[in-house]
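Take a look at the letters that make up each chain.
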Amino acid sequence: GQNIDQPTEMTATEGAIVQINCTYQTSGFNGLFWYQQHAGEAPTFLSYNVLDGLEEKGRFSSFLSRSKGYSYLLLKELQMKDSASYLCAVRDPDSGNTPLVFGKGTRLSVIA
Amino acid sequence: ETGVTQTPRHLVMGMTNKKSLKCEQHLGHNAMYWYKQSAKKPLELMFVYSLEERVENNSVPSRFSPECPNSSHLFLHLHTLQPEDSALYLCASSQGWTGSSTDTQYFGPGTRLTVL
């Protein structure tokens, strides 16, 4: 079976750092994606991890531990425009032809 | 600007209507996808097309009928829908779909569908 867990909602203060966690249980693993989705807009690609460790891209970083089935997205120097849903998605090659399995998303609210 | 466009952005239809959703990608990709996004639920994959051939149909009701006339265009034909089909329908494309690192999916803005 497949299961991807993320917190439903988080709130953080402008200028602060927030970490959004994602745990997964899948039959196979061939990469983990993070997407950002503002209300009423398209999900936009943020990061891709396939090997253990930290990938840094500006204010956003993503970490992966395959042995723990765990990833997090780290957002630094939060801005109001970072208020959005953050989707964790896992590519499971053992799930047949389904390319990606998505979590329900974490709605982040950045407050002043 | 994601390179994937969808029309219409909003659609209200009755249960007896027939309508179509359109998706176009300008990225030169070979794979295209339809997803359904309902409130408080994960994105649900509906259909996958690779090089204009359907490669995945995740047990979607026949009232949803996809069409992929070429690698840049994807349609979703709708008929006799139910109120529970109201959702955001997202189109996405990727270079391929075999699971390599280049197969990042890029999404369109979606069509917000309301079935009355």
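Everything quoted here is computed from the prediction, not taken from an experiment.

### Quick look at the overall build of chain A
- For chain A, the count of helices and strands is 0 helices and 11 strands.
- When its helices and strands are written in sequence order, chain A yields β-β-β-β-β-β-β-β-β-β-β.
- Since a compact globule built from 112 residues should have a radius of gyration of about 13 Å, the 14 Å found for chain A is in line with a globular shape.
- Oriented by its inertia axes, the alpha-carbon framework of chain A measures out at about 45 × 30 × 20 Å.
- Residues classed as buried in chain A amount to 49% of the 112 residues present.
- Once local pairs closer than 6 in sequence are excluded, the contacts in chain A between residues at least 24 apart make up 56%.
- When the accessible surface of chain A is summed, it comes to about 5200 Å², and 47% of that surface belongs to carbon and sulfur atoms.
- The average position of the 9 basic charges and that of the 11 acidic charges among the side chains of chain A differ by 1 Å.

### Remarks on the packing of aromatic side chains
- Tallied over the entire structure, the rule returns 16 aromatic pairs over all chains.
- Seen in terms of ring centroids, Tyr35(A) and Phe45(A) are 6.1 Å apart; in terms of plane orientation they differ by 70°. Their pairing is edge-to-face. Pair noted here: Tyr35(A) is in strand 4 (residues 32-37) and Phe45(A) is in strand 5 (residues 44-49), with a separation of 10 residues, a long-range link.
- What links up through ring pairs into an aromatic cluster is the set Phe33(A), Tyr35(A), Phe45(A), Tyr48(A), Phe102(A), Tyr33(B), Tyr35(B), Tyr106(B) and Phe107(B).

### Focus on the nonpolar core
- Residues Trp34(B), Phe64(B), Leu76(B) and Leu78(B) are the most contacted members of the largest nonpolar core, which totals 22 residues.
- Mapped by element, the contributors of at least two residues to this core are strand 2 (10-13), strand 3 (18-25), strand 4 (31-37), strand 5 (44-50), strand 7 (64-70), strand 8 (73-79), strand 9 (87-94) and strand 11 (111-115) of chain B.
- What Phe64(B) contacts, discounting residues up to four positions off in sequence, is Met46(B), Phe47(B), Leu76(B), His77(B), Leu78(B), Leu81(B), Asp85(B) and Tyr89(B).
- Membership of the second largest hydrophobic core comes to 21 residues, among which are Leu46(A), Leu73(A), Ala84(A) and Val110(A).

### Looking at the pattern of salt bridges
Residue and element names in this part refer to chain B.
- Under the defined criterion, the tally for this structure stands at 5 salt bridges over all chains.
- Lys-41 is the partner of Glu-44 in a salt bridge, and the nearest nitrogen-oxygen pair spans 3.6 Å.
- On the basis of relative accessibility, which here comes to 42%, the residue Lys-41 falls in the partly exposed class.
- Between Asp-85 and Arg-63 there is a salt bridge, with its nearest N and O atoms 2.7 Å apart. In this pair, Asp-85 sits in the loop between strand 8 and strand 9 while Arg-63 sits in the loop between strand 6 (53-57) and strand 7, placing the two residues 22 residues apart along the sequence.

Rules and cut-offs
Residues numbered from 1 in each chain as written. Chains lettered and ligands numbered in written order. Predicted model: local features only at pLDDT ≥ 70, side-chain atom pairs only at ≥ 80, totals over all residues. Heavy atoms only, no water. Helix = DSSP H or I, 4+ residues; strand = E, 2+ residues; numbered from the N terminus. Rg over C-alpha atoms; globule rule 2.2 N^0.38 Å. Buried < 20%, exposed > 50% of the residue type's maximum accessible area, 1.4 Å probe, protein only. Contact = heavy atoms within 4.5 Å. Areas by Shrake-Rupley, 256 points an atom, 1.4 Å probe, with all protein chains shown as cover. Lys, Arg positive; Asp, Glu negative; His and termini not counted. Charge placed at Lys NZ, Arg CZ, Asp CG, Glu CD. Phe/Tyr/Trp six-rings, centres within 6.5 Å; stacked < 30°, edge-to-face > 60°. Core = buried A, V, L, I, M, F, W, Y, C linked by side-chain atoms within 4.5 Å. Salt bridge = Lys/Arg side-chain N within 4 Å of Asp/Glu carboxyl O.

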